[in-house]
Amino acid sequence: MGSLNAEPLLSFEGLADGALVEVEAVLDGDSESLVVHRQGDAVRAWLNVCPHAGRRLDWAPGQFLKSREGLLVCAAHGASFELEGGQCVAGPCRGDALRAVAVEVRDGQVWLAAAPRGEA
Ligand code: FES
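Just so it is clear, the structure is predicted and the values come from calculations on it, not from any experiment. (Residues numbered from 1 in each chain as written. Predicted model: local features only at pLDDT ≥ 70, side-chain atom pairs only at ≥ 80, totals over all residues. Heavy atoms only, no water.)

Peer 1: I tried to follow the sheet that holds strand E10 (residues 103–106) on my own but got confused; where do I start?
Peer 2: Pairing between the strands of a sheet comes from backbone hydrogen bonds, and it takes one of two forms, parallel or antiparallel. Spatially, three strands are ordered E1-E11-E10 in an open sheet, and the strand pairing comes out antiparallel. Of all strands in the sheet, those bounded by a partner on one side alone are strand E1 (10–11) and E10. Judged from the four bridges that link them, E10 and strand E11 (residues 109–112) form a sheet pairing that is antiparallel. The partner of Val103 across the bridge, within E11, is Leu112. (Pairing = 2+ DSSP bridges. Helix = DSSP H or I, 4+ residues; strand = E, 2+ residues; numbered from the N terminus.)

The structure is reproduced here in structure tokens:
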């Protein structure tokens, strides 16, 4: 208790523009794999879980496929996700979306965003 967010997920400076990086984070007490994406000054993160069949998106830890169009492609069956909202735009789960995880950049580091107040 109380140690949530005590450590940053990773360094913002070390995250190349356009990069897709895997990090482990503790969410609601469970360790989860996340995919973190930087686009310019923006950083987004999603659970590293494909909405199609629940598989990891990477083909080896931290190795994500990116299409020529800049889509994140699930290594299992090829579902393709745009990297703004995590929507699946092609493949077996088209119309579904990755589960977003709120992150923020502070002091040159990427952190899990503070949990919203009043959550159940
Ligand atoms: S589990 Fe990702 S496309 Fe099937």
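The discussion continues.
Peer 1: Can you walk me through the environment of Leu112 in this structure?
Peer 2: Its location among the elements puts Leu112 in strand E11. Through-space distance from the C-alpha of Leu112 to that of Leu27 is 9.0 Å; in sequence the pair is 85 residues apart.

Peer 1: What exactly am I supposed to notice about the pairing of strand E2 (residues 20–27) here?
Peer 2: Looking down a regular strand, the side chains alternate between one sheet face and the other. Pairing of E2 with strand E3 (residues 30–39) involves eight bridges; the strand directions are antiparallel. Among the inter-strand pairings, Val26 is bridged to a residue of E3, identified as Ser31. The hairpin formed by E2 and E3 contains two residues between the paired strands, and Asp28 there has a positive phi angle of roughly 50 degrees.

Peer 1: I'm lost on the nonpolar core in this one. Help?
Peer 2: The tendency in soluble globular proteins is for nonpolar side chains to be buried side by side. Grouped together as the largest cluster of nonpolar side chains are 17 residues, with contacts concentrated most on Leu9, Leu34, Val110 and Leu112. Elements with a contribution of two residues or more to this core: E2, E3, strand E4 (42–47) and E11. In contact with Leu9, not counting residues within four places along its chain, are Val23, Glu24, Ala25, Leu34, Val103, Val110, Trp111 and Leu112. One finds Leu20, Leu57, Phe81 and Leu83 within the second-largest nonpolar core, a separate group that totals 14 residues. (Core = buried A, V, L, I, M, F, W, Y, C linked by side-chain atoms within 4.5 Å. Buried < 20%, exposed > 50% of the residue type's maximum accessible area, 1.4 Å probe, protein only. Contact = heavy atoms within 4.5 Å.)

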